[in-house]
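Breakdown of the fold
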Amino acid sequence: MGEIVFSAAMSHAPHITGYADHASSEVKERVYAGMATIGERLRQSRPDVLVVVSSDHFHNLFLDRMPAFCVGVADKYSGPVEKWIKIDPFHAQGARELGQFIVAQAYEHRFDPAFAENVVIEHGIAVPLKFLTPDYDIPLVPILQNCMVPPLPTLRRCHEFGSFLRGVAQRSDLRIAVVGTGGLSHSPGAPEAGDIDTKFDLELLSSLASPHPESVLDWSNEKLDGAGFGAWEIRQWMTALGASGGGPAEVVFYESVPEWETGCGGVIFGTQID
Amino acid sequence: MALYDLQLYLYRLKNEPEMQDGFLLNPQAHMLSHGLNEQERKAMSDKDLRALWRYGVHPLLLAPMGRFFNLPPERYRATLRSLAGERTLRS
């Protein structure tokens, strides 16, 4: 029987690498060290496959077709599409069979994701991957969640999708790691860009680290809107929480970085053994 | 032009090198051939991100235009800043 061997969530702001030196060297070092720590812990868990759950930023999906969930089912992925994020071009092996298994299982478990043979790897996956698997040597399944164009899947639905991924792992023969990426508070591209709601971010992190991390599932859309539309991406954190089987989270790092226009954080969820 | 069509134009401009080349070669002809109206063409010609924002363009389609127009992030933020709160995205 397979299992979820690791679950985490972290920010993926493109400025983290694209404008790395706009932040102070101390802040940059702390964020980079935190992201590297999550990567080390990921690799220590010896996963066969890494499932990275991210939003798409109009590189793969547009308003003509906007699925709530879209699963990558390719043999190979390449990135990053954005040269300005200053990550060297890379290729990563795709875990096609697991991607297809996830989709097939979804249809049997009341989820109806889209699937895609061609997923362009953009910053939502490329920035975390640079720290998670610097050698790009763990087969990948990218999953895109709509966090950009309302109506959005609810926090609870994303958590349920994570729980579903946990069941998929158990019905496979694979050791699977899940990392949700995005957030925390930010408003990229909007007039509010650079505004960071540190209070929101810290409340999220403390809630996830509490004995009842699922309390975040009751947060309202209005609360997330107030932290900037980039905070909609905590949906990926809920997916990772669901995949973990319950958490709670170990907060690895948090920095409010106006120069990167993002509250940058990362957590590792306690993975429950069934 | 409908907001959807304007955003589709910006989406393609963001992602397709041929679109970028066509725009840079002859902006007016390129925009005309893709159906942008006079106001939209003027906003693009003037690199008027504030006007595009007011037309309702999604921030993740607007930010790439800032980079396309070679605006560093500090100038991009300063350009839009006074519009904060005017159009808030709601989920």
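Residues numbered from 1 in each chain as written. Chains lettered and ligands numbered in written order. Predicted model: local features only at pLDDT ≥ 70, side-chain atom pairs only at ≥ 80, totals over all residues. Heavy atoms only, no water.

Describing the side chain of S7 of chain A
Residues and elements named next belong to chain A.
- Mapped onto the elements, S7 comes out in strand β1 (residues 3-10).
- What makes S7 buried here is its relative accessible area of 0%.
- Side-chain polar atoms of S7 contact the backbone oxygen of A240, separated by 2.6 Å.
- With sequence-adjacent residues up to four places away left out, S7 is seen in contact with V178, A240, L241, A243, S244, I268, F269 and T271. (Helix = DSSP H or I, 4+ residues; strand = E, 2+ residues; numbered from the N terminus. Buried < 20%, exposed > 50% of the residue type's maximum accessible area, 1.4 Å probe, protein only. Polar contact = N/O pair within 3.5 Å; in protein donor to acceptor, adjacent residues only side chain to side chain. Contact = heavy atoms within 4.5 Å.)

Digging into empty space enclosed by the protein
Residues and elements named next belong to chain A.
- Under the defined criterion, the tally for this structure stands at 2 cavities of 30 Å³ or more.
- Considering only enclosed or pocket space, the largest cavity measures out at about 50 Å³ in volume.
- Along the walls of the largest cavity sit D56, H57, F58, L61, M66, Q145, N146, C147 and M148, which together make up its complete lining.
- Here the residues of the lining of the largest cavity are counted per class, giving 5 nonpolar, 3 polar and 1 charged. (1 Å grid on protein atoms, 1.4 Å probe; cavity = no way out; pocket = protein on both sides within 12 Å on 5 of 7 lines; lining within 4 Å. Points joined across faces, edges and corners; volume = space filled by probe spheres on them. Nonpolar A, V, L, I, M, F, W, Y, C, P; charged D, E, K, R; others polar.)

Things to note about the confidence of the model for chain B
- Scored by pLDDT, chain B has a mean of 97; 100% of the residues are at 70 or more.
- The ipTM, which scores confidence in the relative placement of chains, is 0.96 for this predicted complex, and the corresponding pTM is 0.97. (pLDDT = per-residue confidence, 0-100.)

A closer look at the interface of chain A and chain B
- Facing the 31 residues of chain A at the interface are 26 residues of chain B.
- When the two sides are added together, the surface that chain A and chain B hide from each other amounts to roughly 2,500 Å², 61% of it contributed by carbon and sulfur.
- If you sort the residues of chain A by the area they bury against chain B, F58, F62 and P191 of chain A come out on top, with a joint share of 29%.
- The interface formed by chain A and chain B holds 2 salt bridges in total.
- Across the pair E261 of chain A and R77 of chain B runs a salt bridge whose closest N-O atoms are separated by 2.5 Å.
- Taken together, the links from chain A to chain B amount to 10 residue pairs in polar contact (both at pLDDT 80 or more).
- Considered class by class, the residues forming the side of chain A that touches chain B number 17 nonpolar, 8 polar and 6 charged. (Buried area = accessible area lost by both parts, 1.4 Å probe. Salt bridge = Lys/Arg side-chain N within 4 Å of Asp/Glu carboxyl O.)

A word on unusual backbone geometry
- Here the amide bond leading from P150 of chain A into P151 of chain A is cis, since omega sits at 0 degrees, within 30 degrees of zero.
- Assignment of secondary structure puts P151 of chain A in the loop between β7 (140-145) and α5 (155-171).
- Here the bond from G183 of chain A into L184 of chain A is cis, since omega is -5 degrees, no more than 30 degrees from zero.
- Relative to the assigned elements, L184 of chain A resides in the loop between β8 (175-181) and α6 (198-209).
- A positive phi angle, near 60 degrees, is found at E261 of chain A, a position not held by glycine.
- Relative to the helices and strands, E261 of chain A resides in the loop between β9 (249-257) and β10 (262-269).
- The backbone of K47 of chain B shows a phi angle near 50 degrees, a positive value even though the residue is not glycine.
- In this fold, K47 of chain B is placed in the loop between α4 (38-45) and α5 (49-55).

A word on the pairing of strand β2 (residues 49-54) of chain A
Residues and elements named next belong to chain A.
- Summarising burial for β2: 6 of the 6 residues are buried, a large majority.
- The alternating pattern of β2 places V49, V51 and V53 on one face and L50, V52 and S54 on the opposite face, and all of these are buried.
- Two strands pair when backbone bridges link them, and β2 and β8 are joined in this way by 5 bridges, in the parallel orientation. Bridge pairing in β8 links V52 to V179.
- Taken together, the 5 bridges between β2 and β7 define a ladder with parallel strand orientation. In the sheet register, V53 faces β7, and the bridge partner there is I143. (Pairing = 2+ DSSP bridges.)

Re the packing of aromatic side chains
- The tally for this structure, following the rule as stated, stands at 16 aromatic pairs over all chains.
- Between the aromatic rings of F68 of chain B and F69 of chain B, the centroid separation amounts to 5.9 Å while the plane-to-plane angle is 45 degrees, which identifies the pairing as tilted. Exposure class is identical for F68 of chain B and F69 of chain B. Each is buried.
- Among the aromatic residues, those joined into a ring-pair cluster are F58 and F62 of chain A together with Y4 and Y11 of chain B.
- The ring of Y32 of chain A carries K28 of chain A above its face, with NZ or CZ at 5.4 Å from the centroid.
- The ring of W53 of chain B carries R87 of chain B above its face, with NZ or CZ at 3.7 Å from the centroid. (Phe/Tyr/Trp six-rings, centres within 6.5 Å; stacked < 30°, edge-to-face > 60°. Lys NZ or Arg CZ within 6 Å of the ring centre and 35° of its normal.)

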